[in-house]
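# Commentary on secondary and tertiary structure
Residues per chain, in single letters:
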Amino acid sequence: MKQKQFLSFLAVVLVAVLFSTSAFAAGSYQEKDLPLGASSEVLMVGEIEPTLMSVTIPSYVPFHISRSVEGDNKVISPRVVITSHSGVPVNIDVAYTTVNLNGLKGTTWSDSQYVGENQVAIGFQPETLSNQLPTTLEQTKWLQANSPQYLNLTSLNPYGTSTLYVVGTLGAAVPEDSSFTVTPIFVVSKA
């Protein structure tokens, strides 16, 4: 009985060795000589390496907007730091921005820095001076309200970071002491 089990075990081991040997031979490079004028097929096998794209973006950014802030930028916001944990360069884009102005009666949205009496506009601007809010609206990438858009905010090198600020402006008739929400949808893609 023990001898039958041992022979069965030995047969399984021999089959496993044969399969692993043939698998190794199929995966190894083989050469062959061709005489002049002859032709031959060459099997080329490519492997696609999976790329893990991982980016950290804050999920909540409180900001304050006021006409009393000096300069063109009327927004006070924290630094928005975006960090890539990807081994490849990535682009960070905004695909859609949901805007809710229900708290600002009679106020509409502007897609640029040029606002009317009852309008507000918000966008992102890259940090140019370390830990300093932008005072101008130059280089601002403006968010469009409630419509699809393709807005490239930044491109990151592998394991890189980028710092942005929320910037914006408002018209003279926009009610004070109210709140509104801006919710951009970020898309991370391989650069």
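How each quantity is defined
- Within each chain, residues carry numbers counting from 1 in the order of the written sequence.
- This being a predicted model, a pLDDT of at least 70 is required before a residue's local features are given, and a value of 80 or more before pairs of side-chain atoms are given or counted; all residues contribute to the totals for chains, interfaces and linings.
- Hydrogens and water molecules were not included; the side-chain quantities draw on all heavy atoms of the structure.
- Put simply, buried Ala, Val, Leu, Ile, Met, Phe, Trp, Tyr and Cys residues joined by side-chain atoms within 4.5 Å make one nonpolar core.
- With a 1.4 Å probe rolled over the protein chains alone, any residue whose accessible area is under 20% of its type maximum counts as buried; one over 50% counts as exposed, and the rest are partly exposed.
- What counts as a helix is a DSSP run of H or I of at least four residues, what counts as a strand is a run of E of at least two, and both are numbered from the N terminus.
- Any two residues whose heavy atoms approach within 4.5 Å are treated as being in contact.
- Planes of paired rings set the category: under 30 degrees apart is stacked, over 60 is edge-to-face and the rest tilted, where pairs are Phe, Tyr or Trp rings (Trp by its six-membered ring) whose centres lie within 6.5 Å.
- We define a salt bridge as a contact between a side-chain nitrogen of Lys or Arg and a carboxyl oxygen of Asp or Glu at a distance within 4 Å.

## Re the nonpolar core
- Judged by nonpolar contacts, the single largest core of 25 residues is most densely connected at Trp 109, Ile 122, Phe 180 and Val 182.
- Elements represented by at least two residues in this core include exactly strand S4 (80–84), strand S5 (90–100), strand S7 (119–126), strand S9 (148–156) and strand S10 (161–170).
- Per-element tally for this core: the top contributor is S5, with four residues.
- Apart from the residues within four sequence positions on either side, Ile 122 is in contact with Phe 63, Ile 65, Val 75, Trp 109, Trp 142, Leu 143, Val 166, Val 167, Gly 168, Phe 180 and Val 182.
- Ala 121, Leu 137, Trp 142 and Tyr 165 belong to the second-largest nonpolar core, a separate cluster that totals five residues.

## A closer look at the packing of aromatic side chains
- If you walk through the whole model with that rule in mind, you get two aromatic pairs.
- When the centroid spacing of 5.7 Å and the interplanar angle of 75 degrees are considered together, the rings of Phe 63 and Phe 180 count as edge-to-face. Here the residue Phe 63 occupies a position in the loop between strand S1 (55–56) and strand S2 (64–65), and Phe 180 occupies one in the loop between S10 and strand S11 (181–190), the gap between them amounting to 117 residues. Here the two residues Phe 63 and Phe 180 agree in accessibility, since each one is buried.
- Here the aromatic rings of Phe 124 and Phe 186 are separated by 6.1 Å at their centres, their planes lie at 55 degrees, and the arrangement is tilted. One end of the pair, Phe 124, is in strand S7; the other, Phe 186, is in strand S11, and 62 residues separate them in sequence.
- In this structure Phe 124 comes out as buried when scored by relative accessible area, which is 8%.
- Judged by relative accessible area, Phe 186 falls into the partly exposed class, the value being 24%.

## What about the pattern of salt bridges?
- This structure, assessed with the given rule, holds two salt bridges.
- Between Glu 176 and Arg 67 there is a salt bridge whose closest N-O contact spans 3.2 Å. Of this pair, Glu 176 sits in the loop between S10 and S11 while Arg 67 is found in the loop between S2 and strand S3 (75–76), placing the two residues 109 residues apart along the sequence.
- Of the residues examined, Glu 176 reaches a relative accessible area of 57% and is grouped as exposed.
- Arg 67 sits in the partly exposed class, given a relative accessible area of 28%.
- For Arg 79, the salt bridge goes to Glu 127, with nearest N and O atoms at 3.0 Å. In this pair, Arg 79 sits in the loop between S3 and S4 while Glu 127 sits in the loop between S7 and strand S8 (141–142), placing the two residues 48 residues apart along the sequence.
- Judged by relative accessible area, which is 21%, Glu 127 ranks as partly exposed.

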